[in-house]
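Residues per chain are reported as follows:
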Amino acid sequence: MIRAASADVIGELASGQRRPLARLLTRIENGDPSVRPMLPQLFATGHGAHVVGITGPPGSGKSTLVNALITEWRRRGRRVGILAVDPSSPYTRGAILGDRIRMMEHAADRDVFMRSMASRGELGGVAATTWIAAAAFDAAGYDPVLIETVGAGQSEVEVARLAETTVVVEVPEMGDEVQAIKAGLLEVADIIVVNKGDLPGADRAARQLRAMLSSAGGRVERKPPPVMLTTAISAGGVVALADAIEAHRAQSRTPIEARERAVSQIRRALADLAARRAAESSAWQTTVEAVAERALDPLTAAERLLDR
Ligand SMILES: Nc1nc2c(ncn2[C@@H]2O[C@H](COP(=O)(O)OP(=O)(O)OP(=O)(O)O)[C@@H](O)[C@H]2O)c(=O)[nH]1
Ligand SMILES: [Mg+2]
């Protein structure tokens, strides 16, 4: 089979066809090396779609909320791309199927493109696969691009960081977890949602969170993120949430924020690249042995691998 040249693929994407996007996403997911040479053009073709991360604990209602957000954005005339990142853990296997069902009402809508992805990319882990997929959605004219990921580990935090706007979805029954949440995912939140507003204690949970954030003081430079209440199953609070997401986009499109994002994107790419090159180096095995036997310290080891 002769593979279409990258210019053709990107031309097809830009014309809004779905099949080429589906095929390209599969290649990205599989870590197909033919994707690498397309990156410069892929990146240049995009219009800078708003990449919105939706994260939070399992079952907090992320997919239900995404479904309601899609409806609202379609009403606003936007073409919406959705990427559900599956961190390949057993409990999300079923959830991805559930996601498909929940978003089924949009299945016939040609301006909604939903894709779930596992993360076995060779291009540098979950985060790399995800940003390339987001770039593909962007080149295909989808804006916003929503990335749903279970907030369960470091790779998910990475995915959240990749988004321009990150929404952390929590549920009312947080209780003692509040401190743990604060230490973890709230660090990456631009907007916090307390979903399942129909359950008892939702108002109180939202108030507690607001109080905690305003007294946290850790992020001196920044205003604490807004805490919003939603009831995703009936689309309650979703218009306000879509407004808040768009407002955050407007305020994060400053040259300073753009530079900050560029710096963190380059850093991440550098770290991936350095780790990959080092692991491919002929000195890798002996260096690993040397550090394991405490004959070499890890920093010197890293310097030697990089300097080769
Ligand atoms: N009562 C109530 N239930 C909700 C609400 N939103 C979602 N749910 C329910 O919560 C369950 C989980 O919803 P999902 O949307 O699959 O949650 P999720 O965060 O995407 O789950 P994972 O992807 O598995 O982490 C489902 O049974 C939903 O119907 C809500 O606003 N109120
Ligand atoms: Mg889900």
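Residues numbered from 1 in each chain as written. Chains lettered and ligands numbered in written order. Predicted model: local features only at pLDDT ≥ 70, side-chain atom pairs only at ≥ 80, totals over all residues. Heavy atoms only, no water.

## Some thoughts on the pairing of strand β4 (residues 145-150)
Short version of the rule: Residue burial is assigned from relative accessible area. The probe radius is 1.4 Å, only protein chains are included, and a residue is buried under 20% of its type maximum, exposed over 50%, and partly exposed in between. Numbering of helices and strands starts at the N terminus; helices are DSSP runs of H or I of at least 4 residues and strands are runs of E of at least 2. Strand pairing requires that DSSP identify at least two bridges connecting the strands.
Counting buried positions along β4 gives six out of six residues, so the element sits mostly inside the fold. Of the two faces of β4, the one lined by V145, I147 and T149 and the one lined by L146, E148 and V150 are each fully buried. With six bridges joining them, strand β1 (residues 51-56) and β4 adopt parallel strand pairing. Following the sheet pairing, I54 is matched in β4 by E148. Of the strand pairs in this sheet, strand β2 (residues 80-85) and β4 are connected by five bridges, and their pairing is parallel. Looking at β4, one finds that V85 is bridged to T149.

## Let's talk about the packing of helix α4 (residues 62-75) against helix α10 (residues 238-252)
The cut-off we apply is this: Here, axes are lines fitted to C-alpha atoms. For helices the fit covers the stretch in contact, and angles between N-to-C directions go from 0 to 180 degrees. Roughly parallel means an angle under 35 degrees; roughly antiparallel, over 145; roughly perpendicular, 65 to 115; everything else is oblique. Residues are treated as being in contact if the distance between any of their heavy atoms lies within 4.5 Å. Gly is placed with the polar residues, together with every amino acid not listed as nonpolar (Ala, Val, Leu, Ile, Met, Phe, Trp, Tyr, Cys and Pro) or charged (Asp, Glu, Lys and Arg).
At a minimum axis separation of 10 Å, α4 and α10 run at an interaxial angle of 75°. In terms of their interaxial angle, α4 and α10 are classed as roughly perpendicular. Between α4, through L65, A68, L69, E72 and W73, and α10, the contact on the second element is made entirely by V238, V239, L241, A242, I245 and E246. Residue composition of the contact of α4 with α10, grouped by class: nine nonpolar, no polar and two charged.

## Some points on the pattern of salt bridges
Two side chains that carry opposite charge are able to pair once their charged atoms sit near each other. Using the following cut-off: What counts as a salt bridge is simple: a side-chain nitrogen of Lys or Arg found within 4 Å of a carboxyl oxygen of Asp or Glu.
Overall, the coordinates contain 13 salt bridges when judged by the stated rule. The shortest N-O distance in the salt bridge between E72 and R76 comes to 2.7 Å. By relative accessible area, R76 is classed as partly exposed at 28%. Residue R76 pairs with D243 through a salt bridge whose shortest N-O separation is 2.8 Å. Of this pair, R76 sits in the loop between α4 and β2 while D243 sits in helix α10, and the two are 167 residues apart along the sequence. By relative accessible area, D243 is classed as partly exposed at 39%.

## So, the side chain of N195
Here is the rule: Under this definition, polar contacts are N or O atom pairs within 3.5 Å; protein pairs additionally need one hydrogen-donor-capable and one acceptor-capable atom, and for neighbouring residues in sequence, both atoms have to be side-chain atoms.
Along the chain, the position of N195 falls in the loop between β6 (191-194) and α9 (202-216). Among the residues examined, N195 registers a relative accessible area of 3% and is labelled buried. Polar side-chain contacts of N195 include one of 3.0 Å to the backbone oxygen of S60. In this structure the side chain of N195 is engaged in a polar contact, spanning 2.8 Å, whose partner is the side chain of T230. Setting aside residues up to four positions removed in sequence, N195 forms contacts with S60, G61, L65, V169, E170, V171, P172, T230, T231 and A232.

## A few points about helix α1 (residues 6-14)
For the record, the criterion: Here the arc refers to the set of directions running from the helix axis out to each C-beta atom.
When we look at burial in α1, the residues that qualify are V9, I10 and L13. For α1, the angular spread of the buried residues around the axis is 95°, confining them to a single face. Positive phi shows up at G16, right after α1, with a value of about 85°.

## Structural notes on the nonpolar core
Note the following rule: Buried Ala, Val, Leu, Ile, Met, Phe, Trp, Tyr and Cys residues that are joined via side-chain atoms within 4.5 Å together make up what is termed a nonpolar core.
Judged by nonpolar contacts, the single largest core of 30 residues is most densely connected at L21, L24, L25, I28, L42 and F137. For this core, the element with the most residues is helix α6 (residues 125-139), which contributes seven residues. Listed in part, the 23 residues of the second largest apolar core include I54, L69, M228 and A242.

## With respect to α10
Test applied: One less than the number of residues in a helix, times 1.5 Å, gives the span that helix is expected to have.
Relative to the 21 Å expected for 15 residues at 1.5 Å per residue, α10 spans 21 Å between its end C-alpha atoms, a close match to the ideal helical length. Here the buried face of α10 lies against β1, α4, β5 (165-170), β6, β7 (227-229) and α11 (255-280).

## Section: the packing of helix α12 (residues 284-292) against helix α13 (residues 298-307)
Packed helix pairs are specified by the crossing angle of their axes together with the interaxial distance, meaning the distance between the axes. Across the interface, α12 lies against α13 with an axial gap of 10 Å and an inter-helix angle of 170°. The orientation of α12 relative to α13 falls into the category roughly antiparallel. Across from W284, T287 and V291 in α12, the residues of α13 making contact are P298, A301 and L305. Classifying every residue of the contact of α12 with α13 by side-chain character gives five nonpolar, one polar and no charged.

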